[in-house]
Amino acid sequence: MGRAYQNRKESMAKTSDQKARVYSRHARVIYVTAKQGGVDPDGNLALRSAIERAKKDQVPAHVIDKAIEKAKGNAGEDFATARYEGFGPGGCMVIVDCLTDNTNRTIGDVRQCFTKTKCKIGTPGSVSHSFDHSAIFVFPSDDEEAVLEALMMADVDVEDIESEEGSITVFAPHTEFAKARQALHEALGDIEFEVEEIQFVPKDTAPIPADDEPMFEKFLEMLQDVEDVQKVYHNVG
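Criteria and thresholds
Residues numbered from 1 in each chain as written. Predicted model: local features only at pLDDT ≥ 70, side-chain atom pairs only at ≥ 80, totals over all residues. Heavy atoms only, no water. Helix = DSSP H or I, 4+ residues; strand = E, 2+ residues; numbered from the N terminus. Rg over C-alpha atoms; globule rule 2.2 N^0.38 Å. Contact = heavy atoms within 4.5 Å. Areas by Shrake-Rupley, 256 points an atom, 1.4 Å probe, with all protein chains shown as cover. Pairing = 2+ DSSP bridges. Axes fitted to C-alpha atoms, helices over the stretch in contact; angles between N-to-C directions. Patch = residues over 30% accessible without salt bridge, like charges linked within 9 Å, V, L, I, M, F, W, Y side chains within 5 Å. Salt bridge = Lys/Arg side-chain N within 4 Å of Asp/Glu carboxyl O. Lys, Arg positive; Asp, Glu negative; His and termini not counted. Charge placed at Lys NZ, Arg CZ, Asp CG, Glu CD. Phe/Tyr/Trp six-rings, centres within 6.5 Å; stacked < 30°, edge-to-face > 60°. Buried < 20%, exposed > 50% of the residue type's maximum accessible area, 1.4 Å probe, protein only. Lys NZ or Arg CZ within 6 Å of the ring centre and 35° of its normal.

A. Up close: the overall build of the chain. A tally of regular secondary structure across the chain gives seven helices and eight strands. Taken over C-alpha atoms, the radius of gyration comes to 18 Å for the chain, in line with the 18 Å a tight globule of 237 residues would show. Overall size of the chain, expressed as C-alpha extent along the three principal axes, is 50 × 45 × 35 Å. Sequence-distant contacts, at least 24 apart, represent 72% of the contacts inside the chain between residues at least 6 apart. For the chain, the accessible area works out to roughly 12,900 Å², and carbon and sulfur atoms hold 48% of it.

Right, dumping it as structure tokens:
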């Protein structure tokens, strides 16, 4: 059984509000990434990956271009990362990653999601020790040995490789993201990744009790409605 990462094959947003939130999240990441590493995707691999992820979620080109143009100026919002951990419905473990220009607002909004579903927000490190912080790449291939050899030759610290139904999944430490991505491109050419991002992967998963499922779904929906929330990770399997 494969490791439980979040596949980014997301369904299309059903309402204009949901689409707007998806576009806003991607635009914010593109803006911050371009501001930190430069506006040229050829020289900023993190920006290139952010743009590719946005395109996969069908974010319009004008939204992407506007975020990059905004990053060229000296003005603009000053965003910071924020991470919150806690225990959700059924005692599941949850990590919430945010990008915010107002940490007081963000912690208040996230805390409300926990309290309104009778859950408990924790202290930093309260659940993250039960997750691996991994770079994940998923792409079409059936030559696991060639992939492993390419990564080893590039001195990438590979955590795991899975091969299933013509698709390969590579797990590496999050610090190896850029090195692993470059090694795979050099070895396999211009491959199209189904998944290429850094995630918190639970070391073990557990089913949520049936009685807690409705509250768990409500909890996730509430978090996704928070503008500053970028990603939500949990150990529900």
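The discussion continues.
B. Local environment of the sheet that holds strand S3 (residues 120-121). Within the open sheet, the four strands sit side by side as S3-S1-S2-S8. Their pairing is antiparallel. Of all the strands in the sheet, just S3 and strand S8 (229-234) have a single pairing partner and so form its edges. Across five bridges, strand S2 (residues 93-100) lies against S8 in antiparallel orientation. Note on S8: the bridge partner recorded for Ile95 is Tyr233. Packed on one face of the sheet, helix H4 (residues 103-116) meets strand S1 (80-87), S2, S3 and S8 and runs near 20 degrees to S1. The strands that helix H7 (residues 213-224) touches are S2 and S8; relative to S8, the one it contacts most, it runs at about 155 degrees.

C. Looking closely at the sheet that holds strand S4 (residues 131-140). Across the sheet, which stays open at both edges, the four strands sit in the order S5-S6-S4-S7 with antiparallel pairing between neighbours. Each edge of the open sheet carries a strand with a single partner, namely strand S5 (160-164) and strand S7 (195-202). Strand after strand, the sheet turns through a mean of 25 degrees between neighbouring axes, direction not considered. As defined by bridge partners, S5 adjoins strand S6 (residues 167-173) across five bridges and the pair is classed as antiparallel. Residue pairing across strands places Glu164 opposite Ser167, the latter belonging to S6.

D. Here's a closer look at a negative patch on the surface. Among the surface-exposed residues, Asp142, Asp143, Glu144, Glu145 and Glu149 lie close enough to one another that they form a single negatively charged patch. Relative to the helices and strands, Glu145 is located in helix H5 (residues 144-153).

E. Summary view of the packing of aromatic side chains. Scanning the entire structure with this criterion turns up six aromatic pairs. Measuring from centroid to centroid gives 5.2 Å for Phe137 and Phe177, while their planes differ by 25 degrees, and the two rings are stacked. Residue Phe137 is located in strand S4, and its partner Phe177 is located in helix H6 (residues 177-188); the two are separated by 40 residues in the primary sequence. The two residues Phe137 and Phe177 agree in class, both being buried. Their ring planes at 55 degrees and their centres at 5.4 Å tell us that Phe137 and Phe193 sit as a pair that is tilted. Of this pair, Phe137 sits in strand S4 while Phe193 sits in the loop between H6 and S7, and the two are 56 residues apart along the sequence. In this structure, Phe137 and Phe193 share a single accessibility class: buried. One aromatic cluster is present, built from ring pairs that chain together Phe137, Phe139, Phe177 and Phe193. For Lys70, the ring lying beneath its charged end belongs to Tyr31, and the centroid distance is 5.1 Å.

F. Representation of the pattern of salt bridges in the model. A complete count under the given rule lists 12 salt bridges for this structure. Across the salt bridge formed by Glu52 and Arg181, the nearest N and O atoms sit 3.1 Å from each other. Here Arg181 lies in helix H6 and Glu52 lies in helix H2 (residues 45-56), a separation of 129 residues in the sequence. A relative accessible area of 29% means that Glu52 is categorised as partly exposed. A salt bridge links Glu69 to Lys72, with the shortest nitrogen-to-oxygen separation between them at 2.8 Å. Of this pair, Glu69 and Lys72 both sit in helix H3 (residues 61-72), three residues apart, which is roughly one turn of that helix. A single network of salt bridges, built from pairs that share partners, joins Arg28, Asp101, Arg105, Glu227 and Asp228.

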